[in-house]
Amino acid sequence: MSKFFTLTFLFLSSTLIFSQSSKSKTTEKTKPFVLGVIDEIQSKELGENRILNIYLPEGYNPKDQEKYPVIYLLDGSADEDFIHISGLVQFNSFEWINQVPKSMVVGIATVDRRRDFTFPTTIENDKNRFPTTGHSDKFIAFIEKELQPFIDKKYKTNNSKTIIGQSLGGLLETEILFKKPSLFNKYVIVSPSLWWDNGSVLNQDSEIFQENFNQQTEIYIAVGKEGLTPTQVPRVMEVDANLLADKIKASKSKNIKVYFDYFPAENHGTILHPAVSNSFKFFYPKSKE
């Protein structure tokens, strides 16, 4: 009987040890799932370090000659829009989808979007509510003088540059389009906060409206069923977005193309993902077989 208990004890002990050993080996095999790389740039224009989340397309090799389009993403933190937009880019570049060429995504992690994405306002109430606002000029200088040269020098990029932004990000894009249109040749402007400073951006002139503007530029503008804006003077998001599209459509330049997309089933919180997906169809139309 004692031998039986001894054998049973040894069997259970060896099983427990084997089980623990097996779990230990299993644990050792786990490793992080890597979506991209985290880079960092020291900005003199902004006076701070900025984090960049970067998605590199399948097959990317810094030693190869192939160069890739770059998609710059505002609100590009990991807990904002970087992951799901990178997923859209990856999906649409699969060879069996072939909607978008293999592209890099550069997500600019947010620090203070009200500071970075807005120009100075004349509305006193907004100055008081948002005291850090009004420094988009510095952020645009950061993009032009530091970020784009940094990315072009460090990564394998070509001349295709897209920018994606929503809400205040869409406002910033509109300002860039009017003031520095050559920074990008594709603009994805989603639910832009054109109400800022009582819609003054809609009154701005730009070289893109002139007949001699010669850069091929494509602008995709989308808005959902979003209604009134957070302003003292009543404005409607859908109306402002339409006004922007109409203003751009009136350009005398043959190099400007604009597409307006309305999503009645989406709101300010849900529109970005389907809008970006649709923008790829506008930028890269498939020929009908």
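So, here's what we can say about the structure. (Residues numbered from 1 in each chain as written. Predicted model: local features only at pLDDT ≥ 70, side-chain atom pairs only at ≥ 80, totals over all residues. Heavy atoms only, no water.)

**With respect to the pattern of salt bridges**
- Scanning the model with the defined rule gives 13 salt bridges in all.
- Where Lys 127 meets Glu 124, a salt bridge forms, and the shortest distance between an N and an O atom there is 3.2 Å. Of the two residues, Lys 127 and Glu 124 are both situated in helix H4 (residues 124-129); the distance of three residues between them amounts to about one turn of the helix.
- On the basis of relative accessible area, Glu 124 is assigned to the partly exposed category, the value being 49%.
- Of the charged contacts, one joins Lys 179 and Glu 175 as a salt bridge, the two residues approaching to 2.9 Å between their closest N and O atoms. Placement of the pair is Lys 179 and Glu 175 together in helix H6 (residues 168-179), with a separation of four residues, close to one helical turn.
- Here Glu 175 falls in the buried class, since its relative accessible area comes to 2%.
- Linked by salt bridges that have partners in common, Glu 48, Arg 50, Arg 115 and Asp 116 make up one network. (Salt bridge = Lys/Arg side-chain N within 4 Å of Asp/Glu carboxyl O. Helix = DSSP H or I, 4+ residues; strand = E, 2+ residues; numbered from the N terminus. Buried < 20%, exposed > 50% of the residue type's maximum accessible area, 1.4 Å probe, protein only.)

**Remarks on a nonpolar patch on the surface**
- On the surface, a nonpolar cluster with roughly 350 Å² of combined accessible area is contributed by Phe 33, Leu 35 and Ile 83.
- You can see Phe 33 is positioned in the loop between helix H1 (2-29) and strand S1 (37-43).
- Given a relative accessible area of 76%, Phe 33 falls into the exposed group. (Patch = residues over 30% accessible without salt bridge, like charges linked within 9 Å, V, L, I, M, F, W, Y side chains within 5 Å. Areas by Shrake-Rupley, 256 points an atom, 1.4 Å probe, with all protein chains shown as cover.)

**Considering the sheet that holds strand S6 (residues 186-190)**
- One open sheet holds the eight strands; their spatial order is S1-S2-S4-S3-S5-S6-S7-S8, and the pairing between them is mixed. Bordering the open sheet on either side are S1 and strand S8 (256-263), each of which pairs with just one other strand. Going from strand to strand, the sheet's axes swing by 20° on average, the running direction of each strand aside.
- Bridge analysis of strand S7 (residues 217-224) against S8 gives eight bridges, and the strand direction is parallel. Across the sheet, the residue bridging to Ala 222 is Asp 261, located in S8. (Pairing = 2+ DSSP bridges. Axes fitted to C-alpha atoms, helices over the stretch in contact; angles between N-to-C directions.)

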